[in-house]
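# Remarks on the overall topology
If you want the building blocks of each chain, they are given just below.
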Amino acid sequence: MSQRQKSTTGRWRRAVVFWFFLGIGARLFAFEVALTVDATAPGRPVNSNLVGNNMPWPGGNAGTPASGNGMTLFANRQIQPEFFRRLKSIGKVPMRYPGGDWADSYDWRMGIGPAAARRRFSYHAAAHESSVASDYVNFGTLEFLDYCRRIECIPVLQVNMHQLSAKQAADDAETIAANAADWVRYVNIQNGSPTGAPNVEYWELGNEPYLKRKADWGYLSPSDFANRVVLVMKKMLQQDRRIKFLIPFATDTWSGKDYCVSPGANNECNIGAVVGDQLGYSTTLLRIIQQNSLCSRVHALALHYYMPLIGTSPPPSDVALYWATMAGTNTVWKNIVAVKKIWKQAVSPSCRNSADQEYVPKLAITEFNSLYTTDKEMLQTNYSASQAGAMYVADAIRLMAELDDVEMATNWSASANGQFGAISFKNDGRDFPVYVRPHYFALLFASELLQPNGNYLPLVYEKNPAGNAHVEIIGKSHGFPAMPLTTALATVQVAQKKIRILLLNKDVGSVADVKLALKGATALAARIRRVEPRPGAPFEVLESSPAIFDSGSHVIIQNGSGQSVLWWNMPPTSFALVEIDIS
């Protein structure tokens, strides 16, 4: 271990007393991690579309430069340069618009034409509240598409499936379908690309209909929504048959099983993933789509994954919340298994494509982030902007990269909704300087890891200690006894002669001493960049950019015997990108 490694370990050990008195129970010693990466066996190509973002249209929240400008533009409608630079640095990734709940009462026609001629537009500011906001849509369809072209993103448009202005009842299906078809014609035909390709290939039909209760504005029953999906798909296909549909999907419970009254084996309860008024949503949706011979037009099932989501007060302790966050991706994985099982039982093998082959859709994770509570009065509502929240984002991308049927993922969000934005604006009342939150670096590191023309590499752990801190249900996060304390993903860029590894240390109080054996390649140099919290502060939220440790001199390399061995350390609650030059 180098002097720098000893110094880092010592700094964190000196912080243990602080952690202990917080009730977090940190361990006194570092733990060892050993893994092997085989450079001789590149796997499937990497998926670069897993680090996308959501780009809401409204803007105007506290700490943003201008109302109605999508949180990307100044009041004079000029691009905010620092925000643009930061967003572009994440790469050529999907961008979803007009963004989440705001899509459910958005009328795209209010955001076209000369800016001076646009009228003020009334919309619902939240999914389950009757409050109404009004604004000018300065960041409309063409502004979004132009912005998308500038940052070289892949546009994903959300179709409004509920109502075209702020009111209680949903609009009739014919009105909604006609509006959606007109939008396709406007985007892909009237303002079509000179190359002949559609401006927008991906269209998501709605947002989270399965979370709307009967008392909520725009409520549709599962069968009403499914029949509306069928009508909208048919009308949109009449305009452009090249488009790909993403359909909002959710199982009744996170486990895919029936609700349980009390926890069962491993203390895992079948926790609800839809509201009671939407029970049976998934099977009803698939049945009606298949009855109308449209199942093979469902390009992907659109899923949302927020963890650990504890609901309202009283909240669990911070230590319980921490481990629930670290275990969140295990529950996500179980739910993805359940989603695929439901499709297989409800649709396959009778759903066939044009070549008469069994058809199975891809998965699109169109919203994901850490989320602790929707109660804005609770302190925990801001934890999404912490290092612990960023750990969930990094680990979710790692999980999605390991699944070959996840086609895309869009984080919530680029900049919006208070604590959620990866890039935000410090509200100093003057020039709103840009800063980034910890999960921006999770997206940035993942975008470098998943660069186009790369391949995944086999990664095997020889030693990866497990923790037993998360054994109970916390919010939506299932218990995960013996959870591995580190997770990792490796890729190779053969042309660049670079191997990259994303690694997380989930332990809250111990340094991970990492040993990597690299088979079939010689390491010439290595650089590590990592993001870590202040000692004792995994849930700290700052209105400033977090510190990032960046060094090329503290990865030890030893070459010989046909392989290289590398050593480095990882502080508690940290994630890192290690870049290795190889020959």
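Residues numbered from 1 in each chain as written. Predicted model: local features only at pLDDT ≥ 70, side-chain atom pairs only at ≥ 80, totals over all residues. Heavy atoms only, no water.

## Observations regarding the overall build of the protein chain
For the protein chain, the count of helices and strands is 11 helices and 25 strands. Across the protein chain, contacts joining residues at least 24 apart in sequence account for 77% of those joining residues at least 6 apart. Per element, the accessible surface of the protein chain, about 22100 Å² overall, is 52% carbon and sulfur. (Helix = DSSP H or I, 4+ residues; strand = E, 2+ residues; numbered from the N terminus. Contact = heavy atoms within 4.5 Å. Areas by Shrake-Rupley, 256 points an atom, 1.4 Å probe, with all protein chains shown as cover.)

## Concerning the environment of V319
Considering the arrangement of structural elements, one finds V319 in helix α8 (residues 318-326). Put simply, V319 and V508 are 189 residues apart on the chain and 8.9 Å apart in space, counted from C-alpha to C-alpha.

## Section: the side chain of R96
If you trace the backbone, R96 turns up in strand β3 (residues 94-97). At 2.6 Å, the side chain of R96 and the side chain of N54 are in polar contact. (Polar contact = N/O pair within 3.5 Å; in protein donor to acceptor, adjacent residues only side chain to side chain.)

## Remarks on helix α10 (residues 387-402)
The end-to-end C-alpha distance of α10 is 23 Å, a good match for the 22 Å that 16 residues give at a rise of 1.5 Å each. Most of α10 is tucked away: 15 of the 16 residues are buried. (Expected span 1.5 Å × (residues − 1). Buried < 20%, exposed > 50% of the residue type's maximum accessible area, 1.4 Å probe, protein only.)

## Quick look at the packing of helix α7 (residues 281-291) against helix α9 (residues 328-346)
Interhelical geometry of α7 versus α9 gives an angle of 40° and a closest axis separation of 10 Å. What the angle tells us is that α7 and α9 run oblique. For the crossing formed where α7 meets α9, the hand is right-handed. Facing α7, whose interface residues are S282, T283, L286 and Q290, α9 presents I342, W343 and A346. (Axes fitted to C-alpha atoms, helices over the stretch in contact; angles between N-to-C directions. Parallel < 35°, antiparallel > 145°, perpendicular 65-115°, else oblique. Left-handed = near helix turned anticlockwise from the far one by under 90°.)

## Digging into the confidence of the model for the protein chain
The predicted coordinates ought not to be read in detail in places where the model reports low pLDDT. With 87% of its residues at a pLDDT of 70 or more, the protein chain shows a mean pLDDT of 87. Confidence drops under a pLDDT of 50 for residues 1-28, and excluding neighbours within four residues, the segment shows 58 contacts in the predicted structure. A low-confidence stretch, residues 60-64 (pLDDT under 50), is modelled with 15 contacts involving residues beyond four sequence positions or located in other chains. (pLDDT = per-residue confidence, 0-100.)

## Focus: the sheet that holds strand β11 (residues 406-411)
A barrel is described by the order of its strands in space; here 8 strands give the closed sequence β2-β3-β6-β7-β8-β9-β10-β11, paired in parallel fashion. Ignoring strand direction, the axes of neighbouring strands in this sheet form an average angle of 30°. Two elements, strand β10 (residues 362-371) and β11, share 3 bridges in a ladder whose sense is parallel. Pairing of I365 across the sheet is with A409, part of β11. (Pairing = 2+ DSSP bridges.)

## What to know about the state of the cysteines
Summed over all chains, the structure comprises 2 disulfides. At a sulfur-sulfur separation of 1.5 Å, the disulfide partner of C148 is C153. Across the disulfide from C148 to C153, rotation about the S-S bond amounts to roughly -100°, and the bridge is consequently left-handed. Classification of C153 as buried rests on a relative accessible area of 13%. (Disulfide = S-S within 2.5 Å.)

## Quick word on the side chain of K212
Structurally, the position occupied by K212 is in the loop between β7 (202-205) and α6 (222-239). For K212, which is buried and forms no salt bridge, the nearest opposite charge comes from D104, at a distance of 4.1 Å. Engagement of the side chain of K212 in a polar contact is seen with the backbone oxygen of W217, the distance being 3.2 Å. Setting aside residues up to four positions removed in sequence, K212 forms contacts with D104, A127, H128, H162, W217, G218, Y219, V275, D277 and Q278. (Lys, Arg positive; Asp, Glu negative; His and termini not counted. Salt bridge = Lys/Arg side-chain N within 4 Å of Asp/Glu carboxyl O.)

## What about the sheet that holds strand β15 (residues 459-463)?
A sheet is described by the order of its strands in space; here 5 strands give the open sequence β15-β1-β20-β24-β23, paired in mixed fashion. Of all the strands in the sheet, just β15 and β23 (556-560) have a single pairing partner and so form its edges. Neighbour to neighbour, the strand axes of the sheet diverge by 20° on average, direction disregarded. Bridge count for strand β20 (residues 512-519) against strand β24 (residues 563-570) is 8 bridges, and the pairing is antiparallel. If you follow V514 over to β24, its bridge partner there is W568.

## Overview of unusual backbone geometry
Note: most residues except glycine have negative phi, and most peptide bonds are trans. Residue P98 is bonded to the preceding Y97 through a cis peptide linkage, with omega at 10°. Here P98 is to be found in the loop between β3 and β4 (121-124). In the segment running from W412 into S413, the intervening peptide bond is cis, with an omega of 5°. Structurally, the position occupied by S413 is in the loop between β11 and β12 (423-425).

## Section: the packing of aromatic side chains
With the rule as written, the count across this model stands at 28 aromatic pairs. Ring plane angle 80° and centroid distance 6.1 Å describe the contact between F139 and Y147, whose orientation is recorded as edge-to-face. Of the residues examined, Y147 reaches a relative accessible area of 2% and is grouped as buried. Between the NZ or CZ atom of K212 and the centre of the ring of W217, over which it lies, the distance is 3.6 Å. (Phe/Tyr/Trp six-rings, centres within 6.5 Å; stacked < 30°, edge-to-face > 60°. Lys NZ or Arg CZ within 6 Å of the ring centre and 35° of its normal.)

## Re the environment of A466
With respect to the helices, strands and loops of the structure, A466 is situated in strand β16 (residues 466-467). Taking C-alpha positions, A466 is 8.5 Å from T486, a pair spaced 20 residues apart along the chain. Discounting chain neighbours no more than four positions away, the residues touching A466 are A482, M483, P484 and L485.

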